[in-house]
Amino acid sequence: LTLTFLVGVFQLALGLARLGMLVNFISHTVVIGFTAGAAILIAVSQVRNFLGIDIPRGTPLHEVFRLIFVQAGDINPWVTGIGLVTLATGILSRRYLKRVPYMIVAMLVGSLVAEALVLWRGAAAGIVTVGALPAQLPPLSLPDFSLEALRVTLGPALVITMLALTEAVSIARAIAVRSEQRIDGNQEFIGQGLSNVVGAFFSAYASSGSFNRSGVNYEAGARTPMASGFASLFL
């Protein structure tokens, strides 16, 4: 919580000092590299869910491939089948049902197939579901403002601040190339800063932009920040 608060303060300070112009010095090559790296990490992080095998979170890329080879005999065909059906449905829906949100179609079809397999095979299918989400608001919290806590979190907060802003700007610029919108770096810094400062008092951890969610948002037809507001209300 202290880390989240400090990250928010640093981001807010950069925005109020109008240092958003710093994003203009991030080259297009860096944005491409950052975006491609994020895409690879996102894909690799889902391999364990796609194949139904045990791969610890945060495992390096080369180690993931080694574990896949070692655990090839443990791949769950039912889980992988659901993943393939979901993926194929999304691709076909995007191509032939252009007026329908293809990701929602893919999720619905994949969920129905999973439910049918659970009813047919039971626990033997090895299909794990998310289960019920907590039906409550995040509890109130208070960061630790002791000198020791500030000393420990100050360095990491600076690193996370720069990483979060680089990530958010990379996402924004990648989408802006397609949407032809202008990016206000100062507004981005202020928005993220306020989000993290307030979030520290609602049990939140340091947050930034999301490649997954931004891509889904844009593909679904979102054009303004109101889309995120509606998504939050619906959730």
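Residues numbered from 1 in each chain as written. Predicted model: local features only at pLDDT ≥ 70, side-chain atom pairs only at ≥ 80, totals over all residues. Heavy atoms only, no water.

A.B. asks: Help me understand the overall build of the chain, please; the structure alone is not making it clear to me.
C.D. replies: Each helix and strand in the chain was counted, giving ten helices and zero strands. In the chain, the order of α-helices and β-strands from amino to carboxyl end is α-α-α-α-α-α-α-α-α-α. Dimensions of the chain, computed from C-alpha atoms along their principal axes, come out at roughly 60 × 45 × 40 Å. The contacts of the chain with a sequence gap of at least 6 include a subset with a gap of at least 24, amounting to 76%. (Helix = DSSP H or I, 4+ residues; strand = E, 2+ residues; numbered from the N terminus. Contact = heavy atoms within 4.5 Å.)

A.B. asks: Would you take a moment to explain helix H9 (residues 211-219) for this structure?
C.D. replies: Think of an α-helix as turning once every 3.6 residues; residues three or four places apart then point the same way. If you check the start of H9, you find a side-chain oxygen 3.0 Å away from the backbone N of arginine 213, and it comes from serine 210. Just beyond H9, the residue with positive phi is glycine 221, at close to 105°. (Polar contact = N/O pair within 3.5 Å; in protein donor to acceptor, adjacent residues only side chain to side chain.)

A.B. asks: Is there a simple way to think about the environment of valine 47 in this case?
C.D. replies: Looking at the element boundaries, valine 47 is found in helix H3 (residues 47-51). Residue valine 47 is classed as buried on the basis of its relative accessible area of 19%. Here the alpha-carbon distance between valine 47 and glycine 58, two residues eleven residues apart in the chain, equals 12 Å. Not counting residues up to four positions away in its chain, the partners in contact with valine 47 are Ile55 and Ile68. (Buried < 20%, exposed > 50% of the residue type's maximum accessible area, 1.4 Å probe, protein only.)

A.B. asks: I'm lost on the packing of aromatic side chains in this one. Help?
C.D. replies: The way to describe two aromatic rings as a pair is by their centre distance and the angle between their planes. As enumerated under the stated definition, the model contains four aromatic pairs in all. Both rings, one in tryptophan 78 and one in tryptophan 120, keep their centres 5.4 Å apart while their planes meet at 90°; by these two values the pair is edge-to-face. Within this pair, whereas tryptophan 78 is found in helix H5 (residues 77-96), its partner tryptophan 120 is found in helix H6 (residues 102-121), the two being separated by 42 residues in sequence. Look at tryptophan 120 and you get exposed, because its relative accessible area is 60%. Pairing phenylalanine 230 with phenylalanine 234 gives two aromatic rings, centres 6.4 Å apart and planes at 20°, and the pair type is stacked. Residue phenylalanine 230 and its partner phenylalanine 234 are located together in helix H10 (residues 226-234), separated by four residues, close to a single helical turn. Judged by its relative accessible area of 43%, phenylalanine 230 falls in the partly exposed class. For phenylalanine 234, a relative accessible area of 72% gives the class exposed. The structure contains a cluster of three or more aromatic residues connected by ring pairs, namely Phe5, Phe145 and Phe201. Directly above the ring of tryptophan 120 sits arginine 121, whose terminal nitrogen or CZ lies 5.8 Å from the centroid. (Phe/Tyr/Trp six-rings, centres within 6.5 Å; stacked < 30°, edge-to-face > 60°. Lys NZ or Arg CZ within 6 Å of the ring centre and 35° of its normal.)

A.B. asks: How should I be thinking about H5 in this particular structure?
C.D. replies: With 20 residues, H5 ought to run about 28 Å at 1.5 Å a step, and its terminal C-alpha atoms sit 28 Å apart, in line with that. Every buried residue of H5 is listed here: Val79, Thr80, Ile82, Gly83, Thr89, Gly90 and Ser93. Elements that come into contact with the buried residues of H5 comprise H3 and H6. A side-chain oxygen of the first residue of H5 lies 2.9 Å from the backbone nitrogen of tryptophan 78; this N-cap is asparagine 76. (Expected span 1.5 Å × (residues − 1).)

A.B. asks: Would you mind going over the confidence of the model for the chain with me for this structure?
C.D. replies: A low pLDDT means the predicted coordinates there should not be read in detail. When the pLDDT values of the chain are averaged, the result is 87; 100% of them are 70 or greater. Of all secondary-structure elements in the chain, the lowest mean pLDDT belongs to H9, at 82, while H5 reaches the highest, 94. (pLDDT = per-residue confidence, 0-100.)

A.B. asks: I keep staring at unusual backbone geometry and nothing clicks. Help me out?
C.D. replies: Of all residues except glycine, most have a negative phi; of all peptide bonds, most are trans. Phi at arginine 18 is positive, roughly 55°, even though this residue is not glycine. Within the element layout of this structure, arginine 18 appears in the loop between helix H1 (2-16) and helix H2 (28-45). One non-glycine residue with positive phi stands out, namely serine 203, at about 60°. The residue serine 203 is located in the loop between helix H8 (185-199) and H9 in this model.

A.B. asks: Where do I start with the environment of glycine 193 in this structure?
C.D. replies: Within the secondary structure, glycine 193 is located in helix H8. A residue is classified by how much of its surface remains accessible, and glycine 193, at 0% relative accessible area, is buried. Sequence-wise, glycine 193 and leucine 12 are 181 residues apart; in three dimensions their C-alpha atoms are separated by 4.3 Å. Residues contacting glycine 193, with those up to four places away along its chain left out, are Gly8, Gln11 and Leu12.

A.B. asks: In this structure, what is going on with the packing of H5 against H6? I would like to understand it.
C.D. replies: What describes two packed helices is the angle between their axes and the distance between those same axes. Where H5 meets H6, the axes come as close as 8 Å, and the angle between the chain directions of the two elements is 150°. The angle between H5 and H6 falls in the class roughly antiparallel. The crossing of H5 and H6 is right-handed. Each of Trp78, Ile82, Val85, Thr86, Thr89, Gly90, Ser93 and Arg94 in H5 lies in contact with H6, whose residues at this interface are Tyr102, Val105, Ala106, Met107, Val109, Gly110, Val113, Ala114, Leu117, Trp120 and Arg121. (Axes fitted to C-alpha atoms, helices over the stretch in contact; angles between N-to-C directions. Parallel < 35°, antiparallel > 145°, perpendicular 65-115°, else oblique. Left-handed = near helix turned anticlockwise from the far one by under 90°.)

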